[in-house]
Amino acid sequence: MPSLRPTVFALAACLLASLPALADQAKPKPSLTPKEILAASKPAEWRTPDPDNLLVMTLAGGHRVLIELAPDFTPLHAANIRTMAREHYYDGLAIIRMQDNFVTQWGDPYDDDNADRSKMKPLGTAKKTLPPEFTRPLDPKLAFTRLPDGDVYAPEVGFSEGFPVARDPASKEEWITHCYGTVGVARDVGPTTGNGNSLYAIIGQAPRGLDRNLAVAGRVIEGMQYLSALPRGTGPLGFYEKAEQRTPIVSVRLAADLPPAERPKVQVLRTDSASFARLIEAKRNRVDAFYTRPAGKIDLCSISVPTRDPAEAK
């Protein structure tokens, strides 16, 4: 009777030889990095912000912060902020509050119950009170890139026009959420008291409990480092207690009011583009030498919308 040993040994050798190939098949393929996705993006997937909706805030030291307004979500507040920028209301004001892991706020230092309010800067032709624009009616015409993983605070979340947005189909409402870099309108207790004379930017963990309780005017698209790295305020809620602690605001201008040669050169990735969708998926399921176990999920405030200098893109 012939021996089976050579056949068994041959099968074992074949199996052993195939193990590396099987292991390679089991490994998920490395995902593209955000840098690779953006490098492969098409020019049409980038947009230039409307200069009528782009605030250029210059701080002491020449530091520049760019804020894109959101008139489709808060049109009355955007219009009032434009008026104040055009009348130079913000010039000479200051960053008055820096609360750790929460917000940086700027406005009139005399707009405080403990200060001499008679010294407050006049609003000019801007409106003192505005109707609350905490949400807006759901608009199917607004492009909406929905995230697939759900949200704790809203039935649907995603991005519209570059802004992180939540939606509720039942109430037919949508609103910009309080993610890092979001710029909101400070107010007193009354819902109509926020007019845009004092604004804040989120600098820490997303305080989503603020959603639908304040008007969101826009978001910082450049210069967050100049708002998030300031010394923390020593007073209650992070307010500065001494004038020398504040960072002066040199000027705030609309890009449309600057000479064309002085307007910021900046582009924002369209959040309804294929490259942005690929970016979301790459962040949800990132696999490379470092990320060996992809999360498979991502939350709204973990995604920042990319910007670029068009000259560098070329």
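Residues numbered from 1 in each chain as written. Predicted model: local features only at pLDDT ≥ 70, side-chain atom pairs only at ≥ 80, totals over all residues. Heavy atoms only, no water.

Enquirer: What is the right way to read the state of the cysteines from this model?
Expert: Defined simply, a disulfide is a covalent bond joining two cysteines at their sulfur atoms. Throughout the structure, instances matching the rule amount to 1 disulfide. Two residues, Cys 179 and Cys 301, share a disulfide whose sulfurs are 2.0 Å apart. Its torsion about the S-S bond being -70 degrees, the disulfide of Cys 179 and Cys 301 is classed as left-handed. Highlighted residues: Cys 179 in the loop between β10 (173–176) and β11 (182–185) and Cys 301 in the loop between α5 (274–284) and β16 (307–308), separated in sequence by 122 residues. Look at Cys 179 and you get buried, because its relative accessible area is 4%. Residue Cys 301 is classed as partly exposed on the basis of its relative accessible area of 24%. (Disulfide = S-S within 2.5 Å. Helix = DSSP H or I, 4+ residues; strand = E, 2+ residues; numbered from the N terminus. Buried < 20%, exposed > 50% of the residue type's maximum accessible area, 1.4 Å probe, protein only.)

Enquirer: For this particular structure, what's the right way to read the nonpolar core?
Expert: In summary, soluble globular proteins display a tendency toward joint burial of nonpolar side chains. Residues Leu 55, Met 57, Tyr 90, Trp 106, Val 220 and Leu 227 are the most contacted members of the largest nonpolar core, which totals 34 residues. If one sorts the elements of this core by residue count, helix α3 (residues 75–86) sits on top with 4 residues. If near-sequence neighbours (up to four positions away) are discounted, Leu 55 is found in contact with Val 65, Leu 66, Ile 67, Leu 69, Ile 81, Ala 85, Val 252, Arg 253 and Leu 254. In this structure, Trp 46, Val 157, Phe 159 and Leu 258 belong to the second largest nonpolar core, which totals 26 residues. (Core = buried A, V, L, I, M, F, W, Y, C linked by side-chain atoms within 4.5 Å. Contact = heavy atoms within 4.5 Å.)

Enquirer: I keep staring at the packing of aromatic side chains and nothing clicks. Help me out?
Expert: The description of two aromatic rings rests on the distance between their centres and on the angle between their planes. Counted according to the given criterion, the structure contains 3 aromatic pairs. With a centroid separation of 5.1 Å and an interplanar angle of 80 degrees, the aromatic rings of Phe 159 and Phe 276 are classed as edge-to-face. In this pair, Phe 159 is assigned in strand β8 (residues 156–160) and Phe 276 in helix α5, connecting sequence segments 117 residues apart. Exposure class is identical for Phe 159 and Phe 276. Each is buried. With centroids separated by 5.2 Å and ring planes inclined at 70 degrees, the aromatic side chains of Phe 290 and Tyr 291 adopt a geometry described as edge-to-face. (Phe/Tyr/Trp six-rings, centres within 6.5 Å; stacked < 30°, edge-to-face > 60°.)

Enquirer: I tried to follow empty space enclosed by the protein on my own but got confused; where do I start?
Expert: Counted under the stated rule, the structure contains 3 cavities of 30 Å³ or more. Glu 133, Phe 134, Trp 175, Ile 176 and Val 216 are the residues nearest the centre of the largest cavity, which is lined by 14 residues in total. Its residues assigned to classes, the lining of the largest cavity shows 7 nonpolar, 2 polar and 5 charged. (1 Å grid on protein atoms, 1.4 Å probe; cavity = no way out; pocket = protein on both sides within 12 Å on 5 of 7 lines; lining within 4 Å. Points joined across faces, edges and corners; volume = space filled by probe spheres on them. Nonpolar A, V, L, I, M, F, W, Y, C, P; charged D, E, K, R; others polar.)

Enquirer: Whenever I open this one, α3 confuses me. Can you help?
Expert: Count 3.6 residues to each turn of an α-helix, and residues three or four apart come out pointing the same way. Over its 12 residues, α3 runs 16 Å from end to end, which matches the ideal 16 Å to within 8%, given 1.5 Å per residue. Taken residue by residue, α3 has His 77, Ala 78, Asn 80, Ile 81, Arg 82, Met 84 and Ala 85 as its buried positions. A positive phi of about 60 degrees marks His 88, the residue just after α3. (Expected span 1.5 Å × (residues − 1).)

Enquirer: I tried to follow the pairing of β11 on my own but got confused; where do I start?
Expert: Of the two faces of β11, the one carrying Thr 182 and Gly 184 and the one carrying Val 183 and Val 185 are both buried. In this structure, β11 lies alongside strand β13 (residues 216–222), joined through 3 bridges in antiparallel fashion. From the neighbouring strand, Thr 182 faces β13, where its bridge partner is Arg 219. Where β11 meets strand β12 (residues 199–202), 3 bridges bridge the pair, whose relative direction is antiparallel. Across the sheet, Val 183 pairs through a bridge with Ala 201, a residue of β12. (Pairing = 2+ DSSP bridges.)

Enquirer: I'm lost on the layout of surface pockets in this one. Help?
Expert: In this structure, the largest pocket occupies an estimated 1100 Å³ of space. Of all the elements, strand β5 (residues 103–107) adds the most residues to the lining of the largest pocket, at 3 residues. Looking at the lining of the largest pocket residue by residue, the class counts come to 16 nonpolar, 9 polar and 11 charged. Taken as a whole, the second largest pocket encloses approximately 340 Å³ of empty space. As for the second largest pocket, its lining consists of 19 residues, of which Tyr 180, Arg 219, Val 220, Ser 304 and Val 305 are closest to the centre. Of the residues forming the lining of the second largest pocket, the biggest block, 3 residues, is contributed by β13. Its residues placed into classes, the lining of the second largest pocket shows 12 nonpolar, 6 polar and 1 charged.

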